[in-house]
Amino acid sequence: MMDVETEDLVVRKTVTVPLGRAEAFRLFTEGMGTWWPTPTHSVAGAIARAGIDGGIGGEIYEDSPDGRVTWGTITAWDPPASFASTWHPGYEAELATQLRVEFIAEGEASTRVELEHRGWEIHGDEAMERFAGYSTGWDPVLGYFVEAAGG
């Protein structure tokens, strides 16, 4: 039994990139394979390439010589404002958490990107450990996105 209310655990990250809102959305989604750090944040490692098939029902995935691994499924798609998905890289879809990414214009050439990751209670006794891992793990991942955006 867990003694912590995992429903209250939400990873929230915010970065700002020097791109317009539509450009930031495209880089994050269509361009994911150009910035996602697969050597450290994937199932297959350096041999993988990450990507997103846009639109509701599309997949967030990695491709490697061993085949495609689905990381999640798009549940909301509203370019260039936001998207949401399930998230389960390396484990069963039944253990998916929920991811939401919003793109907020801060002028013509600046966009604030807000990521929210919740649903850790699905992992039961491992919820706190997974939450803690993603709490720190999203920082370097988003750092690569900012770098790819020219920030």
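Residues numbered from 1 in each chain as written. Predicted model: local features only at pLDDT ≥ 70, side-chain atom pairs only at ≥ 80, totals over all residues. Heavy atoms only, no water.

**Topic: the overall build of the protein chain**
At step 1: When you go through the protein chain residue by residue, the secondary structure sums to three helices and seven strands.
At step 2: Listing each helix as α and each strand as β along the protein chain from the N terminus yields β-α-α-β-β-β-β-β-β-α.
At step 3: Against the globule reference of 15 Å for 151 residues, the protein chain gives a C-alpha radius of gyration of 15 Å, in line with a compact fold.
At step 4: Each principal axis of the C-alpha atoms in the protein chain carries an extent, and together these give about 50 × 35 × 25 Å.
At step 5: Evaluated residue by residue, the protein chain yields a buried proportion of 44% over its 151 residues.
At step 6: Long-range contacts, defined here as pairs at least 24 residues apart, represent 47% of the contacts in the protein chain between residues at least 6 apart.
At step 7: As displayed, the protein chain has an accessible area near 7,600 Å², and 50% of this comes from carbon and sulfur atoms.
At step 8: Between the mean site of the 10 positive side-chain charges and the mean site of the 25 negative ones, the protein chain shows a separation of 7 Å. (Helix = DSSP H or I, 4+ residues; strand = E, 2+ residues; numbered from the N terminus. Rg over C-alpha atoms; globule rule 2.2 N^0.38 Å. Buried < 20%, exposed > 50% of the residue type's maximum accessible area, 1.4 Å probe, protein only. Contact = heavy atoms within 4.5 Å. Areas by Shrake-Rupley, 256 points an atom, 1.4 Å probe, with all protein chains shown as cover. Lys, Arg positive; Asp, Glu negative; His and termini not counted. Charge placed at Lys NZ, Arg CZ, Asp CG, Glu CD.)

**Topic: the nonpolar core**
At step 1: Among the nonpolar cores identified, the biggest contains 34 residues, and Trp-36 and Phe-83 are the most heavily contacted of them.
At step 2: The element best represented in this core is helix 3 (residues 127–148), accounting for seven residues.
At step 3: Contact partners of Phe-83, with chain neighbours within four places excluded, come to Phe-25, Phe-28, Thr-29, Ile-52, Ile-60, Ile-74, Ala-76, Trp-77, Leu-99, Arg-100, Val-101 and Phe-103. (Core = buried A, V, L, I, M, F, W, Y, C linked by side-chain atoms within 4.5 Å.)

**So, the environment of Phe-145**
At step 1: Of note, Phe-145 is situated in helix 3.
At step 2: Residues Phe-145 and Gly-31, 114 residues apart in the sequence, show an inter-C-alpha distance of 9.6 Å.
At step 3: Excluding anything up to four places from it in sequence, Phe-145 contacts Val-15, Val-17, Ala-24, Leu-27, Phe-28, Trp-35 and Val-113.

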